[in-house]
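# Chain and residue survey
One letter stands for each residue in the lines below.
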Amino acid sequence: MSIESMREAFGKSLVEIGKENDNVVVVDADLSKSTKTEYFKKIFPSRFVDVGIAEQNLVGVSAGLASTGKNVFASSFAVFETGRAYEIIRNMVCMAKLNVKLCATHAGLMTGQDGATHQSIEDLSIMRSLPNMRVLVPTDAVEAAQMVKYMSKESGPMYMRMVRDDTKNIHYDNYRFEFGKAEKIKEGNDVAIIACGPMVEKSLVAAKILEVDNIRVKLYNMSTIKPIDIDAIVDAAKNTRGIITVEDHSIIGGLGSAVSEIVCQTYPTRVIRIGVNDEFGMSAKAEELYAHYGITVDSIVKYAKEILDIDSEL
Amino acid sequence: MVDYNDLSKKAKNIRKNVIKMIYNAQSGHVGGSLSCIEILTALYFGRMNIDPQNPNKENRDRFVMSKGHSSPAIYATLVEKCYLLEEELEGFRQFNQALQGSPDMLRISGIDMSTGSLGQGLSAACGMALAAKMDNLDYSVYTLLGDGELQEGMIWEAAMFASQYNLDNLMAIVDMNGLQIDGSTDEVMSLGSISKKFESFGWYVLEIDGHDFDQIFGVFNIFDKIETQPILVLANTIKGKGVSFMENQCSWHSKVPNTEEYAQAIEELDRRTN
């Protein structure tokens, strides 16, 4: 597995779509070096807008640009873009269905040593509850690039959530992202794992460990959180003994909640949600945080065995 | 040459429709709607390059009603300008009708931006004005703000932005009626010198009587001459203007007239000569 940065892939993809489409405008809030919109800025300075450290205005200006027909990509860190600007996203972008793609980086505990203020663990919950908003979470750089291309061709509000650190690519360049469809990565009928973001790679490792014990995992990469792939969730609920969701996000309102909502209505089964348990993060290295908050390969293995009533030695 | 008498007649019709709409709906913001009528009348009938027959033409001037709760004023103006039918005013705030409590661009042609939550319109106007520059189009963007609305922090983010990007095609007009829900703007949260604040942010600032067409058009002339700076117009107005018992009364921010008050308001407006 190669290691790559989804932010890098995002920045480079913006340049590609910028070459194809004169209408693409990129807006940032003094973080272009971190969000990697700086690549677009370098090639298309007249179509790059820096609003300074002002996320509310970031979204408001984006709404104005979009109202004139611009295809707007607005970037900042996830916690500021969705939190500080939430109500502008709601009232200007979503209500009016304006063509603004909010592409946030530095999501989740993976943001690490910057600490709780910078670790966005509520953004999926916030964005998912907004009418007209579509929510995407790339699992790796290859998928992030695919999503940018997809977004550039579609109109209306969308949110894409990226992480800061380089991540392992589980996809090759020939991968094609399909909006609204979960990607089935492994087929098995014992336990289902539904994951998003870099947690898909962790889940893949867990699935391989479980295979050693002859436990077959059905693994889905749920890269579209909204609209969520109901068929995949029903398949997971019907054809396995239980579901584990894995996300670097609060277990309240994110992927785990979205899956549980569908399961309750369609085919009730046990769902164990792995994520942050209604608490804030803290400053530490990402892997230390994942270990502390129980978002680990070991947790996934343990819960899979629990669902199957097998004593786990962990 | 603009005929001020004609504009005064239009303003009178618009005011009457504001009252009718709010009375009919038994809901709506009357005070701040009546204070901005001359400004809207001047913009829509003497200034903006817009065409109701072609509401989406690319190079049209844009208007953002940042103080979206004053929607009755913009709806009545759009009726006068033939974007809306007068009958549609009966749907104001009613089930499944176009005229929402605050302007909705998806439901009404002639509305350039959905607004209603205070403090957001100036940012959107900035985005529109910047788009004109990116596309080498020569349209202008006008936005109407409430003075109380300036208390929102996002206003100042946008104020910085507008001068940073030399948005000389942007005019922000503040409807300075001096009152907000809890009292006078000075009592609730004084803005101090708004003109000094905006000037220090790089804006060209003018202060006028917001009910005087001559002064409003004077501002438009200056706007045409200003280069590289956005322009802010502090338009001194009277909340509830035109209806004696509503004027300068905080209580009429969003009160609905009863039957007698309604009749008196319409009668007073009919009697007005300007």
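Each value, and the rule that gives it
Residues numbered from 1 in each chain as written. Chains lettered and ligands numbered in written order. Predicted model: local features only at pLDDT ≥ 70, side-chain atom pairs only at ≥ 80, totals over all residues. Heavy atoms only, no water. Helix = DSSP H or I, 4+ residues; strand = E, 2+ residues; numbered from the N terminus. Rg over C-alpha atoms; globule rule 2.2 N^0.38 Å. Contact = heavy atoms within 4.5 Å. Lys, Arg positive; Asp, Glu negative; His and termini not counted. Charge placed at Lys NZ, Arg CZ, Asp CG, Glu CD. Pairing = 2+ DSSP bridges. Axes fitted to C-alpha atoms, helices over the stretch in contact; angles between N-to-C directions. UniProt positions renumbered as here; feature names shortened; annotations may be inferred. Buried area = accessible area lost by both parts, 1.4 Å probe. Salt bridge = Lys/Arg side-chain N within 4 Å of Asp/Glu carboxyl O. Polar contact = N/O pair within 3.5 Å; in protein donor to acceptor, adjacent residues only side chain to side chain. Nonpolar A, V, L, I, M, F, W, Y, C, P; charged D, E, K, R; others polar. Phe/Tyr/Trp six-rings, centres within 6.5 Å; stacked < 30°, edge-to-face > 60°. Buried < 20%, exposed > 50% of the residue type's maximum accessible area, 1.4 Å probe, protein only. Lys NZ or Arg CZ within 6 Å of the ring centre and 35° of its normal. Parallel < 35°, antiparallel > 145°, perpendicular 65-115°, else oblique. Core = buried A, V, L, I, M, F, W, Y, C linked by side-chain atoms within 4.5 Å. 1 Å grid on protein atoms, 1.4 Å probe; cavity = no way out; pocket = protein on both sides within 12 Å on 5 of 7 lines; lining within 4 Å. Points joined across faces, edges and corners; volume = space filled by probe spheres on them. Expected span 1.5 Å × (residues − 1).

A word on the overall build of chain B. The number of helices and strands found in chain B is 10 helices and 7 strands. A compact globule built from 274 residues should have a C-alpha radius of gyration of about 19 Å, and chain B, at 17 Å, falls within 12% of that. In terms of overall dimensions, chain B has C-alpha extents of about 50 × 45 × 40 Å along its principal axes. The long-range fraction of contacts in chain B, counting pairs at least 24 apart against all pairs at least 6 apart in sequence, stands at 76%. Counting 23 positive and 37 negative side-chain charges, chain B places the centres of these two groups 2 Å from one another.

Turning next to the sheet that holds strand S5 (residues 100-105) of chain A. Adjacent strands of a sheet pair through backbone hydrogen bonds, lying either parallel or antiparallel. Residue and element names in this part refer to chain A. Taken in spatial order, the 7 strands make up an open sheet running S3-S2-S4-S5-S7-S6-S12, and their pairing is mixed. Because the sheet does not close on itself, it has two edges, and the strands there are strand S3 (48-50) and strand S12 (224-226). Ignoring strand direction, the axes of neighbouring strands in this sheet form an average angle of 20°. The sheet contact formed by strand S6 (residues 134-136) and S12 spans 2 bridges and is antiparallel. Across the sheet, the residue bridging to Val135 is Lys226, located in S12.

Further remarks concern the sheet that holds strand S6 (residues 204-209) of chain B. Residues and elements named next belong to chain B. Taken in spatial order, the 5 strands make up an open sheet running S1-S2-S3-S7-S6, and their pairing is parallel. Either end of the sheet is taken by a strand with one partner, and the two such strands are strand S1 (62-65) and S6. Looking at each pair of strands side by side, their axes are set apart by 20° on average, direction ignored. Here S6 pairs with strand S7 (residues 231-236) via 6 bridges, running parallel. Bridge assignment links Val205 to a residue of S7, and that residue is Leu232. Along the sheet, helix H5 (residues 121-134) makes contact with S1, strand S2 (141-146) and strand S3 (170-176), crossing S2 at roughly 170°.

What follows is about the UniProt feature "domain: Transketolase-like pyrimidine-binding" (unreviewed entry) in chain A. UniProt tags residues 4-169 of chain A as "domain: Transketolase-like pyrimidine-binding" (unreviewed entry). Here residues 4-169 of chain A is 44% helix and 19% strand, with 7 Å between the C-alpha atoms at its ends.

Right, let's get into the interface of chain B and chain A. Contacts between chain B and chain A engage 25 residues on the former and 27 residues on the latter. For the pair chain B and chain A, the summed buried area comes to about 2,000 Å², and 63% of that belongs to carbon and sulfur atoms. Taken as a group, Gln120, Met134 and Glu157 of chain B account for 27% of the area that chain B buries against chain A, more than any other trio of residues on that side. Applying the counting rule to chain B against chain A returns 1 salt bridge. A salt bridge links Lys70 of chain A to Asp135 of chain B; the nearest nitrogen and oxygen atoms lie 2.5 Å apart. If you look at where chain B meets chain A, you find 6 residue pairs in polar contact (both at pLDDT 80 or more). Contributing elements (two or more residues each) for the side of chain B that touches chain A: H5 and helix H6 (153-164) of chain B. Per-element accounting of the side of chain B that touches chain A gives the leading share, 9 residues, to H5 of chain B. For the side of chain B that touches chain A, the residue count by class is 14 nonpolar, 7 polar and 4 charged.

Residue and element names in this part refer to chain A. Cis geometry is found at the peptide bond from Lys226 to Pro227, where omega equals 0°. Of note, Pro227 is situated in the loop between S12 and helix H10 (230-239). Located in the positive-phi region is Asp278, a residue other than glycine, with phi close to 50°. Its location among the elements puts Asp278 in the loop between strand S14 (271-276) and helix H12 (286-293).

Right, let's get into the packing of aromatic side chains. Residue and element names in this part refer to chain B. The tally for this structure, following the rule as stated, stands at 17 aromatic pairs over all chains. Look at Tyr142 and Phe220: their rings are 6.4 Å apart centre to centre, the planes differ by 75°, and that puts the pair in the edge-to-face class. With a gap of 78 residues between them, Tyr142 in strand S2 and Phe220 in helix H9 (residues 213-225) connect regions that are remote in the sequence. There is no split in this pair, since Tyr142 and Phe220 are both buried. Centroid distance Trp156 to Phe201: 5.5 Å. Interplanar angle 45°. Geometry classified as tilted. Placement of the pair is Trp156 in helix H6 and Phe201 in the loop between helix H8 (194-200) and S6, with a sequence separation of 45 residues. The class for Trp156 is buried, based on a relative accessible area of 15%. Owing to a relative accessible area of 26%, Phe201 belongs among the partly exposed residues under this scheme. Site record: aromatic cluster; members linked through ring pairs are Tyr4, Tyr142, Phe213, Phe217, Phe220 and Phe223. Across from the ring centre of Tyr139, 4.2 Å away, lies the NZ or CZ of Arg62, which sits over that ring.

If you check UniProt for "domain: Transketolase N-terminal" (unreviewed entry), the listed places come out as residues 10-264 of chain B in our numbering. Annotated as residues 10-264 of chain B, this span is 38% helix and 13% strand, and its ends, taken at the C-alpha atoms, are 20 Å apart.

It is worth spelling out the packing of helix H1 (residues 4-25) of chain B against H9 of chain B at this point. For any two helices packed against each other, the geometry comes down to the angle between their axes and how far apart the axes lie. Residues and elements named next belong to chain B. It is at 11 Å that the axes of H1 and H9 come closest, and there the two elements cross at 110°. Here H1 is positioned roughly perpendicular relative to H9, judged by the angle of their axes. Note on element contacts: H9 touches H1 through Phe213, Asp214 and Phe217, opposite Tyr4, Leu7, Ser8 and Ala11.

A separate point is the nonpolar core. By size, the foremost hydrophobic cluster in this structure holds 142 residues, and its most contacted members are Ile19, Phe63, Leu170 and Trp203 of chain B. Those residues in contact with Leu170 of chain B, other than ones at most four positions away along the chain, are Leu122, Ala125, Cys126, Ala129, Val141, Ala162, Trp203, Phe223, Pro230 and Ile231 of chain B.

Applying the stated criterion across every chain yields a total of 4 cavities of 30 Å³ or more. Taken as a whole, the largest cavity encloses approximately 60 Å³ of empty space. In terms of lining, the largest cavity is formed by Tyr44, Met48, Ile50, Pro55, Arg60, Asp61, Phe63, Tyr83, Gly110 and Asp112 of chain B. Its residues assigned to classes, the lining of the largest cavity comprises 6 nonpolar, 1 polar and 3 charged. Roughly 50 Å³ of internal volume is contained in the second largest cavity. Taken together, Met6, Val137, Pro138, Arg161, Met162, Val163, Cys196, Gly197, Pro198 and Asp248 of chain A make up the lining of the second largest cavity. Split by residue class, the lining of the second largest cavity holds 7 nonpolar, 1 polar and 2 charged.

Attention now goes to H9 of chain B. All names here are of chain B. Counted at 1.5 Å a residue, the expected span for H9 with its 13 residues is 18 Å, and the 19 Å between its end C-alpha atoms agrees. Elements in contact with the buried residues of H9: H1, helix H3 (37-46), S2, S3, S6 and S7. With a side-chain oxygen lying 2.8 Å from the backbone nitrogen of Asp214, the N-terminal cap of H9 falls on Asp212.

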